[in-house]
Amino acid sequence: MKYSKATNYALHTMLFLVATSPDKPVGVQQLAERQQVSPTYLSKILTKLVKAGMIESASGANGGYKLKRNWEQISFLDIIHAIEGTASLFDCSLDHPDTCLIQQVMVSAEEKMEEHLRNQTIFELAQKMQIHLV
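A brief report on the enclosed structure follows. In this text the structure is predicted, and so the values were computed from the model without any measurement.

**Description of a nonpolar patch on the surface**
A cluster of nonpolar residues, Ile102, Val105 and Met106, forms a patch on the protein surface that exposes about 290 Å² of accessible area. Taking relative accessible area as the criterion, Met106 reaches 36% and is therefore assigned partly exposed.

So this is what it looks like as structure tokens:
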């Protein structure tokens, strides 16, 4: 399995926002420099996170992106779905008269992985990060 670079940037951006400035807007330039990525590219990713209701944008001199309410509950899976969508990773392309047994195995594995990602929040990871920094 492989997730896109956009998901990687989204997860790292969310972790940075949670760990450093949950209530203070951070500019796209600062977020992009931190990950050594184009601000234009990161803006497209941030737009998806805004549409998913995880962050909000503020324009102006003190503008940028900040977390929305209930950010402590945002899971890895929430972020992945915001970027990648919710389609299954595996889709059997063969025409079977009955349900595909291979598809059942793959979906079961995917459900277990999603459960794990649903139970891991960015906030919990940020707390672990803070412990390691102290």
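**Describing the packing of aromatic side chains**
In this structure the tally under the stated criterion is two aromatic pairs. A centroid spacing of 5.8 Å and a plane angle of 85° characterise the contact between Tyr9 and Tyr41, whose relative ring orientation is edge-to-face. Of the two residues, Tyr9 is situated in helix H1 (residues 5-20) and Tyr41 in helix H3 (residues 39-51); the sequence distance between them amounts to 32 residues. Ring centres 5.5 Å apart and planes at 75° place the aromatic pair Trp71 and Phe123 in the edge-to-face group.

**So, the side chain of Glu114**
Mapped onto the elements of the fold, Glu114 is located in helix H5 (residues 101-119). No salt bridge is formed by the buried Glu114; the nearest opposite charge belongs to Arg118, separated by 4.1 Å. Not counting residues within four places of it along the chain, the set of residues in contact with Glu114 comprises Leu77 and His81.

**Quick word on the state of the cysteines**
On inspection of all chains with the given rule, the structure shows zero disulfides. No disulfide involves Cys100; its sulfur sits 3.5 Å from that of Cys92, the nearest cysteine.

**Regarding the pattern of salt bridges**
Per the stated rule, a full pass over the model turns up two salt bridges. Between Lys66 and Glu56 there is a salt bridge, with its nearest N and O atoms 3.7 Å apart. Separated by 10 residues along the polypeptide, Lys66 in strand S2 (residues 64-67) and Glu56 in strand S1 (residues 55-58) bring together distant segments of the chain. You can call Lys66 partly exposed: its relative accessible area is 27%. Among the residues examined, Glu56 registers a relative accessible area of 32% and is labelled partly exposed. The shortest N-O distance in the salt bridge between Arg118 and Glu115 comes to 2.8 Å.

Conventions adopted
Residues numbered from 1 in each chain as written. Predicted model: local features only at pLDDT ≥ 70, side-chain atom pairs only at ≥ 80, totals over all residues. Heavy atoms only, no water. Patch = residues over 30% accessible without salt bridge, like charges linked within 9 Å, V, L, I, M, F, W, Y side chains within 5 Å. Areas by Shrake-Rupley, 256 points an atom, 1.4 Å probe, with all protein chains shown as cover. Salt bridge = Lys/Arg side-chain N within 4 Å of Asp/Glu carboxyl O. Buried < 20%, exposed > 50% of the residue type's maximum accessible area, 1.4 Å probe, protein only. Phe/Tyr/Trp six-rings, centres within 6.5 Å; stacked < 30°, edge-to-face > 60°. Helix = DSSP H or I, 4+ residues; strand = E, 2+ residues; numbered from the N terminus. Lys, Arg positive; Asp, Glu negative; His and termini not counted. Contact = heavy atoms within 4.5 Å. Disulfide = S-S within 2.5 Å.

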